[in-house]
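Structural overview
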Amino acid sequence: MRTAGAVLDTNVLLDLWLFDDPRVHGLREAICSRRLRALRSADCDAEFADVLGRAGFGLDDSDRSRILARWSASSDAIESVRPAPLVCADADDQKFLDAAFSAGARWLLTRDKALLALARRAETTGLRIVSPVAHLTYDR
């Protein structure tokens, strides 16, 4: 049985914690208040940390640490990650599918086209792959 948990891809995390995108303020509030259980794996965390370290964002170590600490404090780690029964066309995004299936998450929130292309197939397993904005309109 799937939990009400959600795995978020790196672009969604950037919208939440770095860009402060108003379209996802409701999502951030749900995560911070624990109305939505955010789930993360070590591989997903590593990618987020790597992206935050890119020069184009102009973040210093303190900024990166603060963002990562906020995310860590508002989410739960997935202890054991196994391969998902679905394969993403973009191997770099497979980690998010693996995390969602391993945790039994109900949601995978993404804006990535390769992951969104799997939405119909994933739905048959109980996993909803949707954009973060679409998630806010779903009847949970």
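A brief structural summary. Treat the numbers as computed from the prediction; the structure is a model and nothing was measured.

Procedures and definitions
- Residues numbered from 1 in each chain as written.
- Predicted model: local features only at pLDDT ≥ 70, side-chain atom pairs only at ≥ 80, totals over all residues.
- Heavy atoms only, no water.
- Helix = DSSP H or I, 4+ residues; strand = E, 2+ residues; numbered from the N terminus.
- Buried < 20%, exposed > 50% of the residue type's maximum accessible area, 1.4 Å probe, protein only.
- Lys, Arg positive; Asp, Glu negative; His and termini not counted.
- Salt bridge = Lys/Arg side-chain N within 4 Å of Asp/Glu carboxyl O.
- Polar contact = N/O pair within 3.5 Å; in protein donor to acceptor, adjacent residues only side chain to side chain.
- Pairing = 2+ DSSP bridges.
- Axes fitted to C-alpha atoms, helices over the stretch in contact; angles between N-to-C directions.
- Phe/Tyr/Trp six-rings, centres within 6.5 Å; stacked < 30°, edge-to-face > 60°.

Before going further, it helps to spend a moment on the side chain of Asp9. Tracing the backbone through its elements, the reader meets Asp9 in the loop between β1 (6–8) and α1 (10–17). One buried charged residue, Asp9, forms no salt bridge at all, with the nearest opposite charge on Arg111 at 6.2 Å. At 3.2 Å, the side chain of Asp9 forms a polar contact with the backbone nitrogen of Asn11. Within the local environment of Asp9, its side chain forms a polar contact with the side chain of Thr110, the two groups lying 2.3 Å apart.

Let us now look at the sheet that holds strand β2 (residues 38–40). Across the sheet, five strands lie side by side as β3-β2-β1-β4-β5; this open sheet has parallel pairing. On the outer flanks of this sheet lie β3 (75–77) and β5 (128–130), each paired with one strand and no other. Adjacent strand axes in the sheet meet at a mean angle of 30 degrees when their direction is disregarded.

The subject of this paragraph is the packing of aromatic side chains. One pass over the structure, following the stated rule, counts two aromatic pairs. Between Trp17 and Trp71 the ring centres are 6.5 Å apart and the planes differ by 50 degrees, which places this aromatic pair in the tilted class. Note that Trp17 is positioned in helix α1 and Trp71 in helix α4 (residues 61–73), a separation of 54 residues in sequence. Between the aromatic rings of Phe19 and Phe57, the centroid separation amounts to 5.9 Å while the plane-to-plane angle is 55 degrees, which identifies the pairing as tilted. Within this pair, whereas Phe19 is found in the loop between α1 and α2 (25–32), its partner Phe57 is found in the loop between α3 (42–52) and α4, the two being separated by 38 residues in sequence. Among the residues examined, Phe19 registers a relative accessible area of 47% and is labelled partly exposed. Of the residues examined, Phe57 reaches a relative accessible area of 28% and is grouped as partly exposed.

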